[in-house]
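Structural description and commentary
Take a look at the letters that make up each chain.
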There are 4 protein chains.
Amino acid sequence: MSGSSFGSIFKIATWGESHGKGIGVVVDGCPAGLTLNEEMIQTFLNRRKPGQTKYSTPRKEDDLVTILSGVFEGKTTGTPISMMIANETARSADYSEIASFYRPGHADYTFDAKYGFRDYRGGGRSSGRETIGRVAAGAIAAALLKELGIEVFTYTKSIGPIQIDYHKCQKENLTLSPLCMPDLEASQKAEDYLEQCIHNLDSSGGMIECIISGVPAGIGEPVFDKLDAQLAKAIFSIGAVKGFEIGSGFEVAKQLGSENNDGFAFDANGKLIKLTNHSGGILGGISDGSEIIFRAAIKPTPSIKKEQQTVNKSGENINVSIKGRHDPIIVPRAVVVVEAMAALTLADLLLSGMSSKMDYVKKIYQK
Amino acid sequence: MSGSSFGSIFKIATWGESHGKGIGVVVDGCPAGLTLNEEMIQTFLNRRKPGQTKYSTPRKEDDLVTILSGVFEGKTTGTPISMMIANETARSADYSEIASFYRPGHADYTFDAKYGFRDYRGGGRSSGRETIGRVAAGAIAAALLKELGIEVFTYTKSIGPIQIDYHKCQKENLTLSPLCMPDLEASQKAEDYLEQCIHNLDSSGGMIECIISGVPAGIGEPVFDKLDAQLAKAIFSIGAVKGFEIGSGFEVAKQLGSENNDGFAFDANGKLIKLTNHSGGILGGISDGSEIIFRAAIKPTPSIKKEQQTVNKSGENINVSIKGRHDPIIVPRAVVVVEAMAALTLADLLLSGMSSKMDYVKKIYQK
Amino acid sequence: MSGSSFGSIFKIATWGESHGKGIGVVVDGCPAGLTLNEEMIQTFLNRRKPGQTKYSTPRKEDDLVTILSGVFEGKTTGTPISMMIANETARSADYSEIASFYRPGHADYTFDAKYGFRDYRGGGRSSGRETIGRVAAGAIAAALLKELGIEVFTYTKSIGPIQIDYHKCQKENLTLSPLCMPDLEASQKAEDYLEQCIHNLDSSGGMIECIISGVPAGIGEPVFDKLDAQLAKAIFSIGAVKGFEIGSGFEVAKQLGSENNDGFAFDANGKLIKLTNHSGGILGGISDGSEIIFRAAIKPTPSIKKEQQTVNKSGENINVSIKGRHDPIIVPRAVVVVEAMAALTLADLLLSGMSSKMDYVKKIYQK
Amino acid sequence: MSGSSFGSIFKIATWGESHGKGIGVVVDGCPAGLTLNEEMIQTFLNRRKPGQTKYSTPRKEDDLVTILSGVFEGKTTGTPISMMIANETARSADYSEIASFYRPGHADYTFDAKYGFRDYRGGGRSSGRETIGRVAAGAIAAALLKELGIEVFTYTKSIGPIQIDYHKCQKENLTLSPLCMPDLEASQKAEDYLEQCIHNLDSSGGMIECIISGVPAGIGEPVFDKLDAQLAKAIFSIGAVKGFEIGSGFEVAKQLGSENNDGFAFDANGKLIKLTNHSGGILGGISDGSEIIFRAAIKPTPSIKKEQQTVNKSGENINVSIKGRHDPIIVPRAVVVVEAMAALTLADLLLSGMSSKMDYVKKIYQK
């Protein structure tokens, strides 16, 4: 097992290293008859592409996707959808030095400990480029969700000390901010903060929030495959994530039951609603029909020019400054990765929920 | 799929409802030759048993485990280990009223949405009693880890506003605190706080921290089955968890790279060490040889006597006060559940890591 | 992994040894709302119960099932269904001798090779009693199939040299034959043959055929999870099976394409039919709407009184005669085990097929 | 779920259609440190390549493999190995006609029934080209087995009425026979028989036998994941297989226990041996240290020029003659596919067996 597959019905298997021939993903279990083309995938991929602002690495990576199978006459066929993104600008020379020491905050040492050796070029399999496969697959999941009226909105909630409130900003501003921060004033402050980080040869952490609307009540499996547990795993599988919380999150530790519980009521139309949404849209691991809201804490880019202590292969304690062009922050490019993982998780649980009651089974098979 | 199984090699499948005939678990994939007996399991189960202090429900539940299979002459045989804990004091009468309305903060509504109807007695499958199966299985995982020199220590880090620092207290005090809070002064303050909650017909949230020592570097699978991602899922599968963080956790969002990275060094004996442990013992999803440290936020008990708004089956908006005897806090009894899930996750990844390199494969199969 | 679970959506996990406290199974993933009670399970279990005819061991085993969870008010709740059958007549004394040598044709040696030691009492986990869990679970699968108009008919096709033709006999005779052979004349001949086997201290092999009707076209997954591949695995997982074939089976090796292909036609009502059914109801791993027909070859009971060569734990070559009361043939009692495995396989693939097209997904989730 | 993945530890996911951009496979879970290069894969692929003899389709398909990831400096890295084989001679024109009718013996109808529509070009996903991915992955599994001293030998046992006996022929002749039939006299007779089939616009079935030597005793999981059950599934997942048997196979149905049981003995060196091998190397689903021997029955190529009855999309009953260049027999090209599936199954069970006892676990993790 090397852990590169995700999902039990809408299953994906990713592959590829930073400096190998390419990155790819096989999606197995997408229902037949979903409209799909390369443009839909590319739109997602472009959101994580580097070199678009000065806060992401100026490496030019076109990251063009090719659909290799599973789509015929513009629709999915129900068979595996294979997608590949070739690695173009493999400048292994830039990275050769890192073969000789362990970069702090990276997986160099742990890969060696696990496998005995590693593809050190650009981090190999532990590079951020690994997420390309997830994003390509997530685009398909998002398309499936859209057909069912479900939308996933993801944005940069904080960068260092600057934090914004979703309720006080406009979704439309998301694409106007180079940092995916839909409060443009805060976005500008965050840019200033990052300038300072760059100047100090340092990097910054931040937070991402995701809001999923339109999910019907009843999605998620009790006990181990709870919707929130699967989301937690999905989001924590993104390299730099160090924290995950849903609804009121860590705040609940200080709350009273009477503060935290969401009351139920029938609205004027007789529809069941929740009076508040501290639960973040999930009760007992199953969607409750409210918006699903979660946050992830993203650590600062570990590759910094500032000097750090580490060891080399000759057994010496040394000081290093990581060369090359690195993002001063991971968060803005990770926004679409979080969105992709949320979409993949939800698509998988929606499909697995189809067999939850005999009524559904009969709806499909009864003559 | 109903999501009641966990693990891919050390696999468990739990079953049982609050007021059915019992609760149980089948452990499939435990290596043969591990010393095991009912006492080892019972010791774990007793840590989650109610009625031991005034901060847990006074219901008397003996929760005695029987091993039904998979152990012969005091050792595991490699075949499934089935364990059962009979439900003794099933007082369905106490619960019959809840059939008619949805309890705020509980899964009553979402189970109905998913399955069309529900076993409403005591919460049925969504009851906290469901965790008994996990704890029984976790006891076996912990025994396996112990043979490899790995220990899991779990404690109550906070209750409402009272929070303690692990480094300033003694492990030994854990069992002296009725709240599993090894700082006895803080434990007393927390008791006072809970008294107040009970008096106000309310409940409190809190936080649990878990520290795992002795894990060799190299455990965990890259990409989707990262050690931290699997832990996140495992811990979030516990009903009341709303947040999970590892190492520096949500703090990283405000940190600089130079603050967050852990430097490497060789110590005086030439052993590779980390100079700090902000990573919480995991880099790139793989254990780095340091202590693994994570925290979980636990919401307040949703069952409170204080009046709340909800709806009934007749389509009316009503006010309810939850009757019966309920814990004013879940945290102390959840400590062993967190410990069990951590042990299960780690045991599974240790076993799956056995096939990570040809050197290991040859160590076992080469003649 | 110890391999005791089966299915990916309608999942079962079995446990228990011949002389432990009992045998059981947990069914995880049965849709909610299926009518279920212990009588429905017991009816299936009674078909494999020993001591009913002189061709099965005279051991008295009541094999009474208890449903421990997952059923409420006569219907499945969608949560795990746990069932247990206590072991009553554990006469370990009868079996203690076999601890000292390896029985030919049994798994004594291979269990020792795999696990280092074994529960030798009555074969432990490799005993035929292990199939009780499958049969109990299969009864639920069969009930689910029945609600969709699918029926599974299984019978003894041959015993030693006596073979019958399904088309020349009456289904109704199945229960009249002590050997589950619905051709009563042949059944009598088979009885005579078995008398002879008993007299010679020997045992006999045989064949089982299974016919599944009412399966809609389109069930099964291409490539690795083909309906026939899953059936092959399911049937071969029954201890004594040494051959499996579908439709024309091994005959195809000698056939021409023009003989083997089944032509298609529209019948008078415009319904698509196949002109023949050499395929046994499956094309490309997917049901084609015809009857699914397969056969399994069952080896003779390995426990025979006739003297055989083997080795003992003292390192000696010895001759043994297996003591105790053993069936001279496994086939009649295995009929219901084959039926159970067929039902489990089909139920699992029916449920997994629910997500095969967007039309189905929309049928369930579109508002 | 679309069923295109196989294995639980050494996992593969295949993709690709006959006339899409290519065929590929991702191998996830191969241990790190295995020597691997494209030549090793190509050697396997060349064995199934068409156009090499007059008994296989004269289509020119180079089927050149590219390793896209997972190998670094000549060794596997433990991360996913992605391989792709481009489709070169896509002559969709030849196949356009088949969009309008259902070919007898093919999966055209069942794919339509399952997915609502199909990629009809050359059979799409149900084409024999799908097996390319398996063979590429199987080459890696075979390399792993070889390092452990395990060899898989596979050959054509029969073609129509001509059948050979493995014990009476030389392994070395395998490559000298255009039909993979190591008895060259019989091979010539089979060629004559196939000439006759071609002349009659017809095709022939046949049988493949596989012998695996060097497997240690103790491989395979009891109950559902028995080594023989997994092999049965693996082999039955190959499109044209209609029967599978192990050891004495269907013969056991007519045998006595005293004929079928294999006695045990210690040989002159004190090594445990079996006196015969009717079991085909597997007892209770676990390898017994003898050669593993199984056979598969392969149906005749369904694409024949001879006229057959079928239906078209306009709702008419029609007669068709399948155009294009098709193999008069599948068997010789399927030999390596059977070998690949056997190797994949065994590699997966060998790796999963690593966690079967605490002795093994300690061998790897104990300091």
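Residues numbered from 1 in each chain as written. Chains lettered and ligands numbered in written order. Predicted model: local features only at pLDDT ≥ 70, side-chain atom pairs only at ≥ 80, totals over all residues. Heavy atoms only, no water.

UniProt's entry tags A:Arg125, A:Ser126, A:Ser127, A:Gly284, A:Lys299, A:Pro300, A:Thr301, A:Pro302, A:Ser303 and A:Arg325 with the feature "binding site: FMN", counted in the numbering of this structure. With a sequence span of 201 residues, these residues are also far apart in the fold, their greatest C-alpha distance being 44.8 Å. Here A:Ser127 is to be found in the loop between helix H2 (108-115) and helix H3 (131-147). Its place among the elements puts A:Gly284 in the loop between strand S14 (282-283) and strand S15 (286-287). The partly exposed category is assigned to A:Gly284, whose relative accessible area is 27%. Among all residues touching A:Gly284, those that are not within four sequence positions of it are A:Pro222, A:Lys226 and B:Ala107. (UniProt positions renumbered as here; feature names shortened; annotations may be inferred. Helix = DSSP H or I, 4+ residues; strand = E, 2+ residues; numbered from the N terminus. Buried < 20%, exposed > 50% of the residue type's maximum accessible area, 1.4 Å probe, protein only. Contact = heavy atoms within 4.5 Å.)

Quick look at the interface of chain A and chain D now. Chain A puts 43 residues into the contact, and the matching count from chain D is 43 residues. Both faces combined, the contact of chain A with chain D buries some 3,200 Å², and carbon together with sulfur accounts for 62% of it. Among the residues chain A hides against chain D, the three largest losses belong to A:Trp15, A:Phe72 and A:Phe117. Together they make up 19% of the total. The interface formed by chain A and chain D includes two salt bridges. With its nearest N and O atoms 3.9 Å apart, the salt bridge here joins A:Lys21 to D:Glu38. For the pair chain A and chain D, the interface holds nine residue pairs in polar contact (both at pLDDT 80 or more). Of all the secondary structure elements, the ones that give two or more residues to the side of chain A that touches chain D are strand S2 (11-16), strand S3 (22-28), strand S4 (65-67), strand S6 (75-76), strand S7 (81-86) and H2 of chain A. Considering each element in turn, the side of chain A that touches chain D owes the most residues, five residues, to S2(A). Along the lines of polarity and charge, the residues of the side of chain A that touches chain D split into 15 nonpolar, 17 polar and eleven charged. (Buried area = accessible area lost by both parts, 1.4 Å probe. Salt bridge = Lys/Arg side-chain N within 4 Å of Asp/Glu carboxyl O. Polar contact = N/O pair within 3.5 Å; in protein donor to acceptor, adjacent residues only side chain to side chain. Nonpolar A, V, L, I, M, F, W, Y, C, P; charged D, E, K, R; others polar.)

Let us look at the pairing of strand S17 (residues 308-311) of chain C. All names here are of chain C. Here four bridges tie S17 to strand S18 (residues 317-320), and the two strands are oriented antiparallel to one another. For Gln309, the partnering residue across the bridge sits in S18 and is Asn319. From the end of S17 to the start of S18, which pair antiparallel, there are five residues, and Gly315 there has a positive phi angle of about 85°. (Pairing = 2+ DSSP bridges.)

Spatially, S9(C)-S8(C)-S10(C)-S16(C)-S11(C)-S11(D)-S16(D)-S10(D)-S8(D)-S9(D) is the arrangement adopted by the ten strands of the open sheet, whose pairing is antiparallel. Since the sheet does not close on itself, it has two edges, and those belong to strand S9 (162-163) of chain C together with strand S9 (162-163) of chain D, each with one partner. In this sheet, strand S16 (residues 292-298) of chain D lies alongside strand S11 (residues 241-246) of chain D in antiparallel orientation, the contact comprising five bridges. Each residue of the ladder has a partner; that of D:Val241, found in S16(D), is D:Ile298. Across the sheet, helix H6 (residues 227-236) of chain D lies against strand S11 (241-246) of chain C together with S11 and S16 of chain D, angled at about 160° from S11(D), the strand it touches most. (Axes fitted to C-alpha atoms, helices over the stretch in contact; angles between N-to-C directions.)

Moving on: the relation of the copies chain A and chain D. Superposing chain A onto chain D takes a rotation of 180° plus a shift of 0.0 Å along the axis, which leaves an RMSD of 0.0 Å. Viewed as a symmetry operation, the transformation between the two copies matches a two-fold axis. Among all residues of chain A, the one whose C-alpha sits closest to the rotation axis is A:Ala13, at a distance of 3.7 Å. Mapped onto chain D, 100% of the interface residues of chain A are again interface residues, and the two copies thus contact each other with one and the same surface. (Least-squares fit on C-alpha atoms with pLDDT ≥ 70 in both.)

Residue and element names in this part refer to chain B. Spatially, five strands are ordered S1-S2-S3-S7-S4 in an open sheet, and the strand pairing comes out antiparallel. Looking along the sheet, the strands with just one partner apiece sit at the ends: strand S1 (5-6) and strand S4 (65-67). The pairing of strand S3 (residues 22-28) with strand S7 (residues 81-86) spans six bridges and is antiparallel. Counted as the bridge partner of Val25 is Met83 from S7. Against the sheet, helix H1 (residues 38-46) touches S4 and S7, its axis set at about 150° to S4.

What follows is about H2(A). Judged by how many residues are buried, H2(A) sits mostly within the fold: seven of eight residues are covered. The set of residues buried in H2(A) consists of A:Asp108, A:Tyr109, A:Thr110, A:Phe111, A:Asp112, A:Lys114 and A:Tyr115. Those residues of H2(A) that are buried are in contact with strand S12 (264-266), strand S13 (272-274), strand S14 (282-283) and strand S15 (286-287) of chain B. Where H2(A) ends, the next residue or the one after it, A:Gly116, has phi of about 90°, a positive value.

Turning next to helix H1 (residues 38-46) of chain A. Residues and elements named next belong to chain A. Along H1, the residues classified as buried are Ile41, Gln42, Phe44 and Leu45. For H1, the angular spread of the buried residues around the axis is 160°, confining them to a single face. Facing away from the buried side of H1, by more than 90 degrees, are the exposed residues Glu39 and Thr43. The opening residue of H1, the one whose side-chain oxygen lies 3.1 Å from the backbone nitrogen of Glu39, is Asn37. (Arc of directions from axis to C-beta.)

This part covers the packing of aromatic side chains. The relation between two aromatic rings is expressed through the spacing of the ring centres and the mutual angle of the planes. The tally for this structure, following the rule as stated, stands at 46 aromatic pairs over all chains. Taken together, a centroid distance of 5.7 Å and an interplanar angle of 25° make the contact between C:Tyr155 and C:Tyr166 stacked. On the criterion of sequence distance, the pair formed by C:Tyr155 in strand S8 (residues 151-159) and C:Tyr166 in the loop between S9 and helix H4 (184-199) is long-range, its members being eleven residues apart. Considered together, C:Tyr155 and C:Tyr166 belong to a single accessibility category, that of buried residues. For the pair D:Phe153 and D:Tyr166, a centre-to-centre distance of 6.0 Å together with 35° between the ring planes defines the contact as tilted. Placement of D:Phe153 in strand S8 (residues 151-159) and of D:Tyr166 in the loop between S9 and helix H5 (184-199) is noted, with a sequence separation of 13 residues between them. Feature note: the residues A:Tyr102, A:Tyr109 and B:Phe264 constitute an aromatic cluster, connected by ring pairs. For A:Arg47, the ring lying beneath its charged end belongs to A:Phe44, and the centroid distance is 5.4 Å. (Phe/Tyr/Trp six-rings, centres within 6.5 Å; stacked < 30°, edge-to-face > 60°. Lys NZ or Arg CZ within 6 Å of the ring centre and 35° of its normal.)

So, about the packing of helix H3 (residues 131-147) of chain C against helix H7 (residues 331-352) of chain C. Residues and elements named next belong to chain C. At a minimum axis separation of 7 Å, H3 and H7 run at an interaxial angle of 50°. In terms of orientation, H3 lies oblique with respect to H7. Crossing angle aside, the handedness with which H3 passes H7 is left-handed. Judged by residue contacts, Thr131, Arg134, Val135, Ala137, Gly138, Ala141, Ala142 and Leu145 of H3 engage Val336, Val337, Ala340, Met341, Ala343, Leu344, Leu346, Ala347 and Leu350 from H7. (Parallel < 35°, antiparallel > 145°, perpendicular 65-115°, else oblique. Left-handed = near helix turned anticlockwise from the far one by under 90°.)

Below, the discussion takes up the environment of C:Ser5. With respect to the helices and strands, C:Ser5 occurs in strand S1 (residues 5-6). In this structure the C-alpha to C-alpha distance between C:Ser5 and C:Gly281, which are 276 residues apart in sequence, comes to 27 Å. Setting aside chain neighbours within four positions, we find C:Ser5 in contact with B:Lys11, B:Asp28, C:Ile12, C:Ala13 and D:Phe224.

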